[in-house]
Amino acid sequence: MNIVLFGPPGSGKGTQADNIVQNFNLFKISTGDLLREEIKNKTNLGIKIKEIIEKGLLVSDNIVNELIKKVLSNLKKESVKKGLIFDGYPRNLKQAENLDKITDVDKISCVLNLKVEKEIIIKRILGRQMCTNCGLIFNEYFNPASKSNHKCGSSFLKKRSDDNEKTIAERYETYLDITLPILDFYKRQKILYEINGKEEIGEIFRKIRVIITSLQAWLCKTYSYK
């Protein structure tokens, strides 16, 4: 089973992707993680990516597509067999069409779209914190780190350099103009599921779990007859 997790910046894709990975044993491919890894390693590509992101712009299709192809080619076969979850990819129609090509053998099973308004998005992103040690994401307003859910300590919690109100507004507008229209692409394939992203994290995941579990049962039943 291959899943695309979709939604505007700050909609909680990263948190829900981690929940899905832990509960359904899927391999997560996050374009955000791939881009930040390039920036962290201070490669020539990473320097270019950092400049683009800090302007509130999206990295070019060519750069993102190559990073996706690279990670897929490096994956062990047993990891791919578990199934994949794409977090932050695709972000436009061209990328969606590219994803269909590179996952030709195992097509996308479903697209989960988290719907959240701009005002909530801004507050979520301004409060977002990432642990530089374990990679977990928290929010000082909605999901603060504590001793019970985070063992690394507060010194590892950092805000991303692009998490400021001006950049957030630009990214949200870019999302509306470029990314949102690809929902129609998946709607026509009848694999799009809309989810209220304003609800509590646990409730959102409960609904996601119901969808994925139902699809897994349907896929098992379908392929058992072949």
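See the structure printed just above.
Residues numbered from 1 in each chain as written. Predicted model: local features only at pLDDT ≥ 70, side-chain atom pairs only at ≥ 80, totals over all residues. Heavy atoms only, no water.

Asks: Even after reading the chapter, I still don't get the overall build of the protein chain, so can you show me in this structure?
Replies: For the protein chain, the count of helices and strands is ten helices and eight strands. Computed over the C-alpha atoms, the radius of gyration of the protein chain is 17 Å, within 12% of the 17 Å expected from 2.2 N^0.38 for a compact globule of 226 residues. Counting every position in the protein chain, which comprises 226 residues, the buried fraction comes to 45%. For the protein chain, long-range pairs separated by at least 24 residues make up 72% of all intrachain contacts whose partners lie at least 6 apart in sequence. Just so you have it, the protein chain exposes about 12,700 Å², and 53% of that area is on carbon and sulfur atoms. Positive and negative side-chain charges of the protein chain, numbering 39 and 28 respectively, have mean locations separated by a distance of 4 Å. (Helix = DSSP H or I, 4+ residues; strand = E, 2+ residues; numbered from the N terminus. Rg over C-alpha atoms; globule rule 2.2 N^0.38 Å. Buried < 20%, exposed > 50% of the residue type's maximum accessible area, 1.4 Å probe, protein only. Contact = heavy atoms within 4.5 Å. Areas by Shrake-Rupley, 256 points an atom, 1.4 Å probe, with all protein chains shown as cover. Lys, Arg positive; Asp, Glu negative; His and termini not counted. Charge placed at Lys NZ, Arg CZ, Asp CG, Glu CD.)

Asks: How should I be thinking about the packing of helix α7 (residues 118-126) against helix α8 (residues 165-179) in this particular structure?
Replies: For any two helices packed against each other, one specifies the inter-axial angle together with the distance between the axes. Put simply, α7 and α8 touch, their axes get as near as 10 Å, and they point 135° apart. The angle between α7 and α8 places the two elements in the oblique class. Judged by the twist between their axes, the crossing of α7 over α8 is right-handed. Facing α7, whose interface residues are Lys118, Ile121, Ile122, Ile125 and Leu126, α8 presents Glu165, Ile168, Tyr172 and Glu173. Considered class by class, the residues forming the contact of α7 with α8 number six nonpolar, no polar and three charged. (Axes fitted to C-alpha atoms, helices over the stretch in contact; angles between N-to-C directions. Parallel < 35°, antiparallel > 145°, perpendicular 65-115°, else oblique. Left-handed = near helix turned anticlockwise from the far one by under 90°. Nonpolar A, V, L, I, M, F, W, Y, C, P; charged D, E, K, R; others polar.)

Asks: Can you walk me through the packing of aromatic side chains in this structure?
Replies: To describe a pair of aromatic rings, one takes the distance between the centres and the angle between the planes. Evaluation of the coordinates by the stated rule reveals four aromatic pairs. An angle of 45° between the planes, with centres 6.5 Å apart, marks the rings of Phe86 and Tyr89 as tilted. Since its relative accessible area comes to 1%, Tyr89 is described here as buried. With centroids separated by 5.1 Å and ring planes inclined at 75°, the aromatic side chains of Phe185 and Tyr186 adopt a geometry described as edge-to-face. When sorted by exposure, Phe185 lands in the same class as Tyr186, which is buried. Aromatic rings pair up to connect Phe6, Tyr172 and Tyr175 into one cluster. If you follow Lys123 out to its NZ or CZ, it ends over the ring of Tyr141, 5.5 Å from the centre. (Phe/Tyr/Trp six-rings, centres within 6.5 Å; stacked < 30°, edge-to-face > 60°. Lys NZ or Arg CZ within 6 Å of the ring centre and 35° of its normal.)

Asks: Honestly, the packing of helix α2 (residues 31-40) against helix α3 (residues 44-54) in this entry has me stumped. Any pointers?
Replies: Following both chains from N to C, one finds α2 and α3 inclined at 120°, their axes separated by 7 Å at the closest point. The angle between α2 and α3 places the two elements in the oblique class. Of the two elements, α2 crosses α3, and the hand of that crossing is left-handed. Residue-level contacts link Leu35, Glu38 and Ile39 of α2 to Leu45, Gly46, Ile49, Lys50 and Ile53 of α3.

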